[in-house]
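# Understanding the architecture of this molecule
The chain contents come next:
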Amino acid sequence: MTAMESATTVPSATATAVQLDRVTVVFPDGTHGLDDVSLRVGSGEVLALVGPSGSGKTTLLRSLAGFIRPSSGRIAVAGRTVASAERFIPPEERRLGMVFQQHAIWPHLSVGGNVEYPLRQRRVPRPERRRRVDDVLALVGLPGAAKRDPAELSGGQRQRGALARAIVDRPGALLLDEAFSALDEPLRMRLRLEVRRMSKDLGLTVVHGTHDRQEALAIADRVAVLADGRLQQVATPADLLATPSSPLVAAFLDDATLLEGVLDGDRFHPDRLPASIPVALGPGSPRGAGGCRGTLAVLPAAVDLAFVDHAASDAVPAHVTAALFGSPAHTVTVDWNGVEFRARVAGRLPQQGEPVDVRIGSGRFYPEG
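A few points on the structure. (Residues numbered from 1 in each chain as written. Predicted model: local features only at pLDDT ≥ 70, side-chain atom pairs only at ≥ 80, totals over all residues. Heavy atoms only, no water.)

## A look at the overall build of the protein chain
- The helix and strand inventory of the protein chain stands at 9 helices and 20 strands.
- For the protein chain, the C-alpha atoms occupy an extent of roughly 80 × 45 × 40 Å along the three principal directions.
- The long-range share in the protein chain, meaning contacts at least 24 apart out of those at least 6 apart in sequence, stands at 66%.
- Carbon and sulfur atoms form 51% of the exposed surface of the protein chain, whose accessible area is close to 17,400 Å².
- Seen as two clouds, the 42 positive and the 41 negative side-chain charges of the protein chain have centres 11 Å apart. (Helix = DSSP H or I, 4+ residues; strand = E, 2+ residues; numbered from the N terminus. Contact = heavy atoms within 4.5 Å. Areas by Shrake-Rupley, 256 points an atom, 1.4 Å probe, with all protein chains shown as cover. Lys, Arg positive; Asp, Glu negative; His and termini not counted. Charge placed at Lys NZ, Arg CZ, Asp CG, Glu CD.)

## A few points about the layout of surface pockets
- Estimates place the volume of the largest pocket at around 760 Å³.
- Around the largest pocket, the lining is made up of 26 residues, and of these Glu92, Leu96, Gly97, Met98 and Pro118 lie nearest the centre.
- Among the secondary structure elements, those contributing two or more residues to the lining of the largest pocket are β6 (96-100), α3 (111-121) and α5 (155-167).
- It is β6 that contributes the most residues to the lining of the largest pocket, 5 residues altogether.
- Classifying every residue of the lining of the largest pocket gives 16 nonpolar, 4 polar and 6 charged. (1 Å grid on protein atoms, 1.4 Å probe; cavity = no way out; pocket = protein on both sides within 12 Å on 5 of 7 lines; lining within 4 Å. Points joined across faces, edges and corners; volume = space filled by probe spheres on them. Nonpolar A, V, L, I, M, F, W, Y, C, P; charged D, E, K, R; others polar.)

## Observations concerning the pattern of salt bridges
- Going through the model one piece at a time under the given rule, you end up with 26 salt bridges.
- A salt bridge links arginine 74 to aspartate 21, with the nearest nitrogen and oxygen atoms 3.0 Å apart. Note that arginine 74 is positioned in strand β4 (residues 72-77) and aspartate 21 in strand β1 (residues 16-26), a separation of 53 residues in sequence.
- Given a relative accessible area of 27%, arginine 74 falls into the partly exposed group.
- We classify aspartate 21 as partly exposed; its relative accessible area is 24%.
- Here aspartate 201 ties to arginine 197 by a salt bridge, and the two come within 3.5 Å at their closest N and O atoms. Taken together, the residues span about one helical turn, with aspartate 201 and arginine 197 both in helix α6 (residues 187-202) at a distance of 4 residues.
- Residue classification places arginine 197 among the partly exposed residues on the basis of a relative accessible area of 32%. (Salt bridge = Lys/Arg side-chain N within 4 Å of Asp/Glu carboxyl O. Buried < 20%, exposed > 50% of the residue type's maximum accessible area, 1.4 Å probe, protein only.)

## Thoughts on the side chain of serine 55
- If you trace the backbone, serine 55 turns up in the loop between β3 (46-50) and α2 (57-65).
- Here the side chain of serine 55 touches proline 52 through a polar contact of 2.9 Å, landing on its backbone oxygen. (Polar contact = N/O pair within 3.5 Å; in protein donor to acceptor, adjacent residues only side chain to side chain.)

## Some remarks on the nonpolar core
- If you look at the biggest cluster of nonpolar residues, it comprises 44 residues, and the most contacted ones within it are Val99, Val115, Leu163, Leu174, Leu176, Val195 and Val223.
- The leading source of residues in this core is α5, at 5 residues.
- Not counting the four nearest positions on each side in its chain, valine 195 is found in contact with Leu163, Leu176, Phe180, Val206 and Ile219.
- By size, the runner-up hydrophobic cluster in this structure holds 29 residues, among which are Leu34, Leu47, Leu64 and Leu175. (Core = buried A, V, L, I, M, F, W, Y, C linked by side-chain atoms within 4.5 Å.)

## A look at unusual backbone geometry
- Geometrically, the link from serine 327 to proline 328 is a cis peptide bond, its omega value of 10° lying close to zero.
- Secondary-structure assignment places proline 328 in the loop between β16 (318-324) and β17 (330-336).
- Even without glycine at this site, aspartate 228 takes up a positive phi of about 55°.
- Relative to the helices and strands, aspartate 228 is located in the loop between β9 (222-227) and β10 (230-235).
- Judged by relative accessible area, which is 66%, aspartate 228 ranks as exposed.
- Even without being glycine, aspartate 255 reaches a positive phi, approximately 55°.
- The topology assignment puts aspartate 255 in the loop between α9 (247-254) and β11 (257-264).

## Observations regarding α6
- Helix length check: α6 (16 residues) gives 22 Å between terminal C-alpha atoms against 22 Å at 1.5 Å per residue, within 8%.
- Those residues of α6 not exposed but buried are Leu187, Arg188, Leu191, Arg192, Glu194, Val195, Met198 and Ser199. What you see down the axis of α6 is that its buried residues fit within an arc of 160°, all on one side. Relative to its buried face, α6 has exposed residues pointing more than 90 degrees away, namely Leu193 and Asp201.
- Taken together, the buried residues of α6 touch β3, α4 (126-139), α5, β7 (173-177), β8 (206-209) and α7 (213-219).
- Phi turns positive, to about 70°, at glycine 203, one or two residues after α6. (Expected span 1.5 Å × (residues − 1). Arc of directions from axis to C-beta.)

## So, the packing of α3 against α4
- Direction vectors running N to C along α3 and α4 enclose 125°, while the axes themselves pass 10 Å from each other. Here α3 is positioned oblique relative to α4, judged by the angle of their axes. Pair α3 / α4 crosses with right-handed handedness. Residues Val111, Gly112, Val115, Glu116, Leu119 and Arg120 of α3 form the contact with α4, whose own contacting residues are Arg129, Arg132, Val133, Val136 and Leu137.
- Among the residues forming the contact of α3 with α4, the class breakdown is 6 nonpolar, 1 polar and 4 charged. (Axes fitted to C-alpha atoms, helices over the stretch in contact; angles between N-to-C directions. Parallel < 35°, antiparallel > 145°, perpendicular 65-115°, else oblique. Left-handed = near helix turned anticlockwise from the far one by under 90°.)

This is how it looks when you write it as structure tokens:
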């Protein structure tokens, strides 16, 4: 079993709430929205989906919800097949909650009317509906709001109402599609914490699609990285940052600079830079090999900048191209012989165009092929 296959497997002690087996989605124009994706999400687990625009996050969520029928493969929720070559269960029968970026609170209903809608559809008796609506509104931080007009609520409160509606019927899983991206901080952080808390308190399974890498790492038990409709890696946040499976994952998750060149022993020699860089070997890397071509991923934390007068320096010139204030460290982008690096710099904020020397502490090597 490969590291990739192992990472997609839920530990045996955890029941599988959501399962995708070799799911492919091909759109009418021939574009692959998903390409042979297999994934398991454990009961009570928070799984974040991340990837660049067009990577397949929304397609995966909409396939789970039942808004897209896969071209091939199988999807199961709580052990029940909801999509396959022989079977397709419509969205309203999948017992899944979903919250979109646009919260879609209906203005003609009260907050309580919005929240109880799934229960009315299932003909839950009125006393039980009222009790569950009151309970779930208190859970999401809107106690006593059942009779309020949605127009009276702030954006964050409406999103809490949408979240309450999504979980009031005790879904098999909660699907979030950029659900917090339209909100300002610190409200986004508070809702992340609410979702995390509800997942653990209620045993609620959450699949959360987001473009925000830091949000994914903060909220999730595991993170699934997608690109071009294919699953690149699934791992815990700590493992994902420590051992990205490919240069693409390293570049997307932590703004790594990718250098082409040659590995010689434990040193890497980039094609475009006069440098010899210590190497941390990535998956499948040959140890102690000489003359092996590949890619080195250099994280911002490994880049050290020294502010110097280049008239007195024999190093290849580099200069600051952008600098963003931060605390405790600033984010700085430099150009070194046509190669762009990102670095974290404490102290004073560097100025655009300022000359620097670049020192690289280490990088992770990935062999060609």
